Amino acid sequence: MFDLTISALASLLRDRKASSEELTRLFLGRIARLDPGLNAFITVDEEKALAGARAADARLAKGEATPLTGIPIAHKDLFCAKGWKTTCGSRMLADFVSPYDAHVVEQFDRAGAVLVGKTNMDEFAMGSSNESSHFGPVRNPWDRARVPGGSSGGSAAAVAARLVPAATGTDTGGSIRQPASLTGTSGIRPTYGAVSRYGMVAFASSLDQGGAFGKSAEDLALMLNVMAGFDERDSTSIERPKEDYARVLARPLAGLRVGLPKEYFTADLAPDVAACVTAAIAELKAQGATTVEVSLPNQALAVPVYYVIAPAEASSNLSRFDGVRYGHRAADYADLNDMYRKTRAQGFGAEVQRRILVGTYVLSHGYYDAYYLQAQKVRRLIARDFTQAFKACDVIAGPAAPTVAFPIGEKTSDPVQMYLEDLYTISVNLAGLPGLSVPCGFGDHGLPVGLQLIGDYFDEARMLNVAHQYQLATDWHRRSPPGIG
Ligand code: GLN
């Protein structure tokens, strides 16, 4: 039963073949047994989870269920959840208990999903390997000596190891798609503005977007149906009619135009990953899609531009952690300035401090025009490249990550190598577009590879349709890591 999708579990619940309490106990048991070897969770709360399950069972009994009612889920530990520790993977917030719910948390609660725990992540969502967490690295269920990707590595590993059927994540530069690729899970980052950022601890506000991990594209559609929608508490939330993201899942792919950016298929892409992605594209063609070469001429500038803009926004967002309002405060200090200095030096890890320094530098007088303003201009060009490309195609396909999962420790001493993990994901964030990754095979060492699909603004339903049709014809998404049975 632990291997079933949300949609399969929902029909078991509806047909009374299982109760939410049984399901919740099953997954809590799996977490207790398997998570010590994975470290995917920062917090698990059995009592709250079982109370949620009983409430869901009562709702199911009354026939008032939604597709998510009674389904155990986990949230990345940067979504504020009332009464739950919300740490952001940082010492700074290690003891912070949120007094309110994020919009996303509220929406899942309202749908009757059962929150079992909060997942591990790179500190303040900065990273591609989940090694920068104050709570220790997450291990990849496919090979525990390797990273699960990041920054939503805990959510990805939890879904891959079947510790929960689905989980939330956030994607500022690739943090859903890259870990989905490295763990053989399905993950979607929606269009910027589709999911409210209210109550999501901010990293880089113009790039951050909440999204979901699941075992299939169909499950991602069900999750998005719950998460997405206008929220007036987020000034960048877009007011659009509520849509059903599952509405075109069944549409055949005949006539679909798939764009292949020539800048994606170069020597930067590991041959084993290229082979899987190429085979996946052949499958889309076999189903009647046509391919067209497109070009994203500014692709090579995406990583450098991101590493100006994201740290700039982070340096501003993280200034709120000052030891006064919430979170860690140094125990001994001479005066106010000394308190700020010590609190922030102790509370933030090395990568977060590096970003704050870079961000402060590029925003400082004299460097603002040379770095920040210039980066904003190139960001516009990157977005324009996609607009051009979408004139010739309906979706863009390519790799989600340049390699399979790498060994823990391999890239920690070289930040630039780590930053390059997001080579194929970051431009999507800079443009504000939606992207997803679905499993498309196994590369070196038998490790999972993800196919990335990028859609035009608010075209998630079509991307999910393509991913679903691909999953009807393949079984990569059904494979699970050895030793998790
Ligand atoms: N890996 C990128 C970074 O370190 C993206 C992180 C994210 O998407 N949250 O900033």
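Above this note sits the structure.
Here the structure is a predicted model, which is why all the values come from computation and not from measurement.

A closer look at the layout of surface pockets
Here comes step 1: Reported here for the largest pocket is a volume of approximately 320 Å³.
Here comes step 2: Residue lining of the largest pocket: 16 residues in total, with Tyr 100, Met 200, Val 201, Ala 202 and Arg 320 positioned closest to the centre.
Here comes step 3: Of the residues that constitute the lining of the largest pocket, the class distribution is ten nonpolar, three polar and three charged.

Quick word on the nonpolar core
Here comes step 1: Leu 68, Phe 108, Phe 124, Phe 386, Leu 430 and Leu 464 are the most contacted members of the largest nonpolar core, which totals 125 residues.
Here comes step 2: Of the residues forming this core, the biggest block, ten residues, is contributed by helix H9 (residues 302-317).
Here comes step 3: Setting aside chain neighbours within four positions, we find Leu 430 in contact with Leu 207, Ala 302, Val 305, Tyr 306, Ile 309, Arg 379 and Ile 382.
Here comes step 4: Judged by nonpolar contacts, the second largest core, of 26 residues, contains Leu 28, Val 138, Ala 161 and Ile 176.

Quick look at the site of the ligand
Here comes step 1: Neighbouring the ligand are 15 residues, the closest being Thr 172, Gly 173, Ser 175, Tyr 306 and Asp 422.
Here comes step 2: Within the contact set of the ligand, a nitrogen atom lies 2.8 Å away from a backbone nitrogen or oxygen of Ala 125.
Here comes step 3: One of the side-chain N or O atoms of Arg 355 is found 2.8 Å from an oxygen atom in the ligand.
Here comes step 4: Relative to its free-state accessible area of 300 Å², the ligand is covered by the protein chains to the extent of 100%.
Here comes step 5: Given that more than half its atoms are within 2 Å of the pocket grid, the ligand belongs to the second largest cavity.
Here comes step 6: Each residue belonging to the shell around the ligand can be placed in one class, and the counts come to five nonpolar, seven polar and three charged.

Describing the sheet that holds strand S4 (residues 166-170)
Here comes step 1: Pairing in this open sheet of eleven strands is mixed, and the strands run S1-S3-S2-S4-S6-S5-S10-S11-S9-S7-S8 from one edge to the other. On the outer flanks of this sheet lie strand S1 (41-44) and strand S8 (290-294), each paired with one strand and no other. On average, adjacent strands in this sheet sit at an angle of 30° to one another, irrespective of strand direction.
Here comes step 2: The pairing of strand S9 (residues 395-399) with strand S11 (residues 448-455) spans five bridges and is classified as antiparallel.

So, the pattern of salt bridges
Here comes step 1: By the definition in use, this model includes 22 salt bridges.
Here comes step 2: Here Arg 177 ties to Asp 171 by a salt bridge, and the two come within 2.8 Å at their closest N and O atoms. No difference in accessibility class separates Arg 177 from Asp 171, as the two residues are buried.
Here comes step 3: With its nearest N and O atoms 3.4 Å apart, the salt bridge here joins Asp 322 to Arg 325.
Here comes step 4: Given the relative accessible area of 11%, Asp 322 is considered buried.
Here comes step 5: For Arg 325, a relative accessible area of 55% translates into the label exposed.
Here comes step 6: Look at the salt bridges and you will find they share partners, linking Glu 106, Arg 110, Asp 231 and Arg 233 into a network.

A few points about the packing of aromatic side chains
Here comes step 1: In this structure the tally under the stated criterion is 15 aromatic pairs.
Here comes step 2: Geometrically, the ring pair formed by Phe 124 and Phe 321 is tilted, given 5.1 Å between the ring centres and 50° between the ring planes. Within this pair, whereas Phe 124 is found in the loop between strand S3 (114-119) and helix H5 (153-160), its partner Phe 321 is found in the loop between H9 and helix H10 (336-347), the two being separated by 197 residues in sequence.
Here comes step 3: With relative accessibility at 2%, the residue Phe 124 sits in the buried group.
Here comes step 4: Assessed through its relative accessible area of 3%, Phe 321 is described here as buried.
Here comes step 5: Aromatic side chains Phe 442 and Trp 476 sit 5.9 Å apart centroid to centroid with 65° between the ring planes, which places their arrangement in the edge-to-face category. Taken together, the residues span a long stretch of sequence, with Phe 442 in strand S10 (residues 435-442) and Trp 476 in the segment after helix H15 (460-473) at a distance of 34 residues.

Quick word on empty space enclosed by the protein
Here comes step 1: Tallied over the full model, the rule gives two cavities of 30 Å³ or more.
Here comes step 2: Here the largest cavity is characterised by a volume of approximately 100 Å³.
Here comes step 3: Of the pockets and cavities examined, the second largest cavity occupies roughly 60 Å³.
Here comes step 4: Of the residues belonging to the lining of the second largest cavity, the class tally is five nonpolar, six polar and two charged.

Side note on the pairing of S9
Here comes step 1: For S9, a buried count of five out of five residues is recorded, marking the element as mostly surrounded by other parts of the structure.
Here comes step 2: In this sheet, S9 lies alongside strand S7 (residues 257-261) in parallel orientation, the contact comprising two bridges. Across the sheet, the residue bridging to Gly 259 is Ile 396, located in S9.

Thoughts on the environment of Gln 376
Here comes step 1: Examined against the element boundaries, Gln 376 turns out to sit in helix H12 (residues 368-389).
Here comes step 2: Sequence separation of Gln 376 and Tyr 306 is 70 residues, and the distance between their C-alpha atoms is 9.4 Å.
Here comes step 3: In terms of polar contacts, Gln 376 uses its side chain to reach the side chain of Tyr 372, at 2.7 Å.

Considerations on the environment of Asp 35
Here comes step 1: Mapping Asp 35 onto the fold places it in the loop between helix H2 (20-34) and S1.
Here comes step 2: What Asp 35 contacts, discounting residues up to four positions off in sequence, is Arg 30, Ala 40, Phe 41 and Leu 163.

Here's the deal with the packing of H9 against H12
Here comes step 1: Between H9 and H12, the least distance of the axes is 9 Å, while the angle of their chain directions is 125°. On the basis of the axis angle, H9 is oblique to H12. In terms of crossing hand, the pair formed by H9 and H12 is left-handed. For the pair H9 and H12, contact is made by Ala 302, Val 305, Val 308, Ile 309, Ala 312 and Glu 313 and by Tyr 371, Tyr 372, Ala 375, Gln 376, Val 378, Arg 379 and Ile 382, respectively.
Here comes step 2: Here the contact of H9 with H12 is composed, by residue class, of ten nonpolar, one polar and two charged.

Some words on the environment of Arg 344
Here comes step 1: Inspection of the secondary structure assignment puts Arg 344 in helix H10.
Here comes step 2: Remark: the alpha-carbon pair of Arg 344 and Leu 318, spanning 26 residues in sequence, is separated by 9.7 Å.
Here comes step 3: Not counting residues within four places of it along the chain, the set of residues in contact with Arg 344 comprises Met 92, Leu 318, Ser 319, Phe 321, Gln 353 and Ile 356.

Thresholds, definitions, all that
- Residues numbered from 1 in each chain as written.
- Predicted model: local features only at pLDDT ≥ 70, side-chain atom pairs only at ≥ 80, totals over all residues.
- Heavy atoms only, no water.
- 1 Å grid on protein atoms, 1.4 Å probe; cavity = no way out; pocket = protein on both sides within 12 Å on 5 of 7 lines; lining within 4 Å.
- Points joined across faces, edges and corners; volume = space filled by probe spheres on them.
- Nonpolar A, V, L, I, M, F, W, Y, C, P; charged D, E, K, R; others polar.
- Core = buried A, V, L, I, M, F, W, Y, C linked by side-chain atoms within 4.5 Å.
- Buried < 20%, exposed > 50% of the residue type's maximum accessible area, 1.4 Å probe, protein only.
- Helix = DSSP H or I, 4+ residues; strand = E, 2+ residues; numbered from the N terminus.
- Contact = heavy atoms within 4.5 Å.
- Near = heavy atom within 4 Å.
- Polar contact = N/O pair within 3.5 Å; in protein donor to acceptor, adjacent residues only side chain to side chain.
- Areas by Shrake-Rupley, 256 points an atom, 1.4 Å probe, with all protein chains shown as cover.
- Sits in = over half its atoms within 2 Å of the grid points.
- Pairing = 2+ DSSP bridges.
- Axes fitted to C-alpha atoms, helices over the stretch in contact; angles between N-to-C directions.
- Salt bridge = Lys/Arg side-chain N within 4 Å of Asp/Glu carboxyl O.
- Phe/Tyr/Trp six-rings, centres within 6.5 Å; stacked < 30°, edge-to-face > 60°.
- Parallel < 35°, antiparallel > 145°, perpendicular 65-115°, else oblique.
- Left-handed = near helix turned anticlockwise from the far one by under 90°.

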